[in-house]
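# Examining the three-dimensional arrangement
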Amino acid sequence: MKILITGGCGFIGSNFIHYVLRHHEDWQVVNLDKLTYAGNLANLKDVEGDPRYKFVKGDIADRELVSRLFQEEKFDAVVNFAAESHVDRSILDPSPFIETNVKGTQVLLEAARQYKVERFIQISTDEVYGSLGETGKFTEESPLQPNSPYAASKAAADLLCRAYYKAYGVPVIITRSSNNYGPYQFPEKLIPLMIRNALAGKELPVYGEGKNVRDWLYVEDNCRAIDLVLERGRVGEVYNIGGNCEKRNIEVVNAICEILKNHHLTQHLTPKIRFIKDPRGAAHDYRYALDCSKIKSALGWEPQVSFEHGLKRTVEWYLANQAWMESVITGEYQEYYQKVYGANG
Ligand code: NAD
Ligand code: DAU
């Protein structure tokens, strides 16, 4: 099987490429990535020499390049991770989100249609469902009510996938996962940002009162679910993939501080949490929680890594890979940080 993985130099994409090459000896992987600020070749350094792996630098919204690639490589399947993925950035400027997440997905769908791929897996998110109150869970039937430009662009892509399935029979399957964490996550997201700030002796900026709830999923559990969907999922279906692990943000930040304390890394430097004015305003979803009974009954998938274990592994990975952390941060990151956190940073 030859698969096109887009956005493979990002967080989940690079973990998925590692997963595929570890679990499928005879699969070939082509990774198409634009190498935005979030994409790093360093994430895949260890597989560069693997004859089953090939990297192509390019944009999924580039119609000509995508069409040529499909013609040359004759893919059996596509897994589309490529996206602008950060909510705060989408609030600062939605345009790249429309270009990549909406137009880019349509370009890929069109190529999949023309070259008749057997499977098209669209990596979507629980954010398309909007926000929950204190109770309840989203099922695959919940209405799409996105609140940020990021979530709206992902919902638009999901609807295009549905339309390409209905109108042209493109064999699309959508996965909607909750918040992933683990190695290689760019330090703009909650967990790696807090680890980096704590190690650098900077304050830990928690939005609002830190009461928002996210459902945390260890990235390897997500990779296993996507792999199952790719092999055995039903075409035309949507699968929720959640961690069954709801935590308030402040609990997550406290848990990181605790692990760092146990490593005696912050003994002279107690990390200081600072509650800052919420930069997301009304677009900040209060709570996400996913009902994952469909993927459990259809494919036998359940998360295996507990939050306690996964978070410890994650913190330890970042401690062992501080050079990676610093290498992925550019001047652009400092500018972005200043815009979101301002004097609070
Ligand atoms: P990421 O930001 O870490 O990586 C995105 C990757 O896509 C980068 O390598 C980047 O260079 C590449 N890319 C961006 N624009 C591109 C373009 N136009 N053409 C080709 N490549 C491009 O993202 P992530 O956190 O790994 O998320 C991957 C996917 O999973 C996204 O579609 C996201 O919406 C979805 N998702 C993420 C989470 C999460 O918790 N991180 C949860 C649910 C769903
Ligand atoms: O739910 C799936 C989504 O999870 C994915 O679709 C997105 O691509 C991914 O970025 C993630 O979105 P979130 O907005 O939930 O993740 P983030 O890590 O940015 O924020 C998690 C929570 O922490 C959120 O309530 C905002 C809060 N937060 C975040 C940062 C970066 C803070 O309090 N302080 C911060 O500095």
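Keep in mind that what you see is a predicted model, and the values were worked out from it rather than measured.

Cut-offs and rules
Each chain carries its own residue numbering, running from 1 in the written order of its sequence. The order in which chains are written sets their letters, starting at A; the order in which ligands are written sets their numbers, starting at 1. Per-residue local features of the predicted model are confined to residues with pLDDT of at least 70, and side-chain atom pairs are confined, for both listing and counting, to 80 or more; whole-chain, interface and lining totals are unaffected and use all residues. Heavy atoms from the whole structure form the basis of all side-chain values; hydrogens and water molecules are not counted. Per the convention used, a helix needs a DSSP run of H or I reaching at least four residues, while a strand needs a run of E reaching at least two, with both numbered from the N terminus. Per-residue accessibility, obtained with a 1.4 Å probe over protein chains only, is compared with the maximum for each type, and a residue is labelled buried under 20%, exposed over 50%, and partly exposed between these values. Side-chain rings of Phe, Tyr and Trp (the six-membered ring for Trp) are treated as a pair once their centres are within 6.5 Å; stacked means planes under 30 degrees apart, edge-to-face means over 60, and tilted covers the remaining angles. In our convention, an over-ring charge means Lys NZ or Arg CZ found within 6 Å of a ring centre and within 35 degrees of that ring's normal. Here a residue is considered near a molecule or strand provided that any single heavy atom belonging to it is located within 4 Å of it. Any pair of nitrogen or oxygen atoms within 3.5 Å is treated as a polar contact; in protein, a donor-acceptor pairing is required on top of that, and neighbouring residues in sequence qualify only through side-chain atoms on both sides. Basically, the charged four are Asp, Glu, Lys and Arg, the nonpolar ten are Ala, Val, Leu, Ile, Met, Phe, Trp, Tyr, Cys and Pro, and anything else, Gly included, counts as polar. Note on terminology: disulfide denotes any pair of cysteine sulfur atoms within 2.5 Å. Here the axes come from fitting lines to C-alpha atoms, over the contacting stretch only for helices, and the angles between their N-to-C directions go from 0 to 180 degrees. Angles below 35 degrees are treated as roughly parallel, those above 145 as roughly antiparallel, those between 65 and 115 as roughly perpendicular, and all remaining angles as oblique. Crossings are assigned a handedness: left-handed for a near helix turned anticlockwise from the far helix by less than a right angle, right-handed for a clockwise turn. By definition in these notes, contact holds between two residues if any of their heavy atoms fall within 4.5 Å. Space inside and on the surface of the protein is sampled on a 1 Å grid over the protein atoms alone, with a cavity defined as a set of points where a 1.4 Å probe fits but cannot get out and a pocket as an open set with protein on both sides within 12 Å along at least 5 of 7 lines; lining residues have an atom within 4 Å of a point. Grid points are joined across faces, edges and corners, and a volume is the space filled by probe spheres set on the points. Note that accessible areas follow from Shrake-Rupley with a 1.4 Å probe, and for residues the cover is restricted to the protein chains shown.

Another aspect to go through is unusual backbone geometry. Phi angles above zero are rare outside glycine, and Lys74 is one such case at about 50 degrees. Mapped onto the fold, Lys74 is located in the loop between helix H2 (63-73) and strand S4 (77-80). Look at Lys74 and you get exposed, because its relative accessible area is 60%. A positive phi angle, near 55 degrees, is found at Lys116, a position not held by glycine. Relative to the elements of secondary structure, Lys116 occurs in the loop between helix H4 (95-114) and strand S5 (119-125). The class for Lys116 is exposed, based on a relative accessible area of 67%.

The next thing to look at is the packing of aromatic side chains. Within the structure shown, the criterion is met by 19 aromatic pairs. Ring plane angle 80 degrees and centroid distance 6.2 Å describe the contact between Tyr181 and Trp216, whose orientation is recorded as edge-to-face. With Tyr181 in strand S7 (residues 179-181) and Trp216 in strand S9 (residues 213-218), the pair connects residues that are 35 residues apart, well separated along the chain. As far as the burial class goes, Tyr181 and Trp216 line up, both buried. With a centroid separation of 6.2 Å and an interplanar angle of 40 degrees, the aromatic rings of Tyr207 and Tyr341 are classed as tilted. Pair noted here: Tyr207 is in strand S8 (residues 204-207) and Tyr341 is in helix H12 (residues 331-341), with a separation of 134 residues, a long-range link. Here Tyr207 matches Tyr341 in class, with each residue buried. Here the aromatic residues Tyr37, Phe186, Tyr207, Tyr333, Tyr337 and Tyr341 are joined through ring pairs into a cluster of three or more. Against the face of Tyr168 rests Arg113, its NZ or CZ located 3.6 Å from the ring centre. The positively charged end of Lys202 is found above the aromatic ring belonging to Tyr337, 4.3 Å away from the centroid.

Around ligand 1 lies a shell of 28 residues, among which Ile12, Asp33, Ser85, Tyr150 and Lys154 are the nearest. Residue Lys34 places a main-chain N or O atom 3.1 Å away from a nitrogen atom belonging to ligand 1. One of the backbone N or O atoms of Ile60 is found 2.9 Å from a nitrogen atom in ligand 1. At 3 residues, S5 tops the list of elements feeding residues into the shell around ligand 1. A class-by-class count of the residues in the shell around ligand 1 yields 11 nonpolar, 13 polar and 4 charged.

Bringing the state of the cysteines into the picture now. Taken as a whole and assessed by the stated rule, the structure comprises 0 disulfides. Cysteine Cys245 shares no disulfide, and the gap to the nearest cysteine sulfur, in Cys292, comes to 12 Å. On the accessibility criterion, Cys245 (13% relative accessible area) is buried.

All right, on to the packing of helix H8 (residues 249-262) against helix H10 (residues 307-320) then. H10 packs onto H8 with a crossing angle of 60 degrees between their chain directions and a minimal axis gap of 10 Å. It follows that H8 is oblique to H10 by the angle criterion. Considering the relative orientation of H8 and H10, their crossing is right-handed. Note on element contacts: H10 touches H8 through Phe307, Leu311, Lys312, Val315 and Leu319, opposite Val252, Ala255, Ile256, Ile259 and Leu260. For the contact of H8 with H10, the class distribution of residues is 9 nonpolar, no polar and 1 charged.

Turning next to the layout of surface pockets. Of the pockets and cavities examined, the largest pocket occupies roughly 340 Å³. Taken together, 17 residues make up the lining of the largest pocket; nearest its centre are Arg162, Ile174, Arg176, Gly236 and Val238. Sorting the residues of the lining of the largest pocket by element identifies helix H5 (149-168) and strand S6 (172-177) as the ones contributing at least two each. Here the element with the most residues in the lining of the largest pocket is H5; it accounts for 6 residues.

We now examine the site of ligand 2. The local shell around ligand 2 holds 25 residues, among which Asp126, Tyr150, Arg280, His284 and Tyr341 are the closest. Arg280 has a polar side-chain atom sitting 2.6 Å from an oxygen atom of ligand 2. Protein chains shield 95% of the accessible area of ligand 2, which is 700 Å² for the free molecule. The set of elements that each furnish at least two residues to the shell around ligand 2 consists of helix H6 (190-199) and S8. Of the residues assigned to the shell around ligand 2, the class counts are 10 nonpolar, 9 polar and 6 charged.

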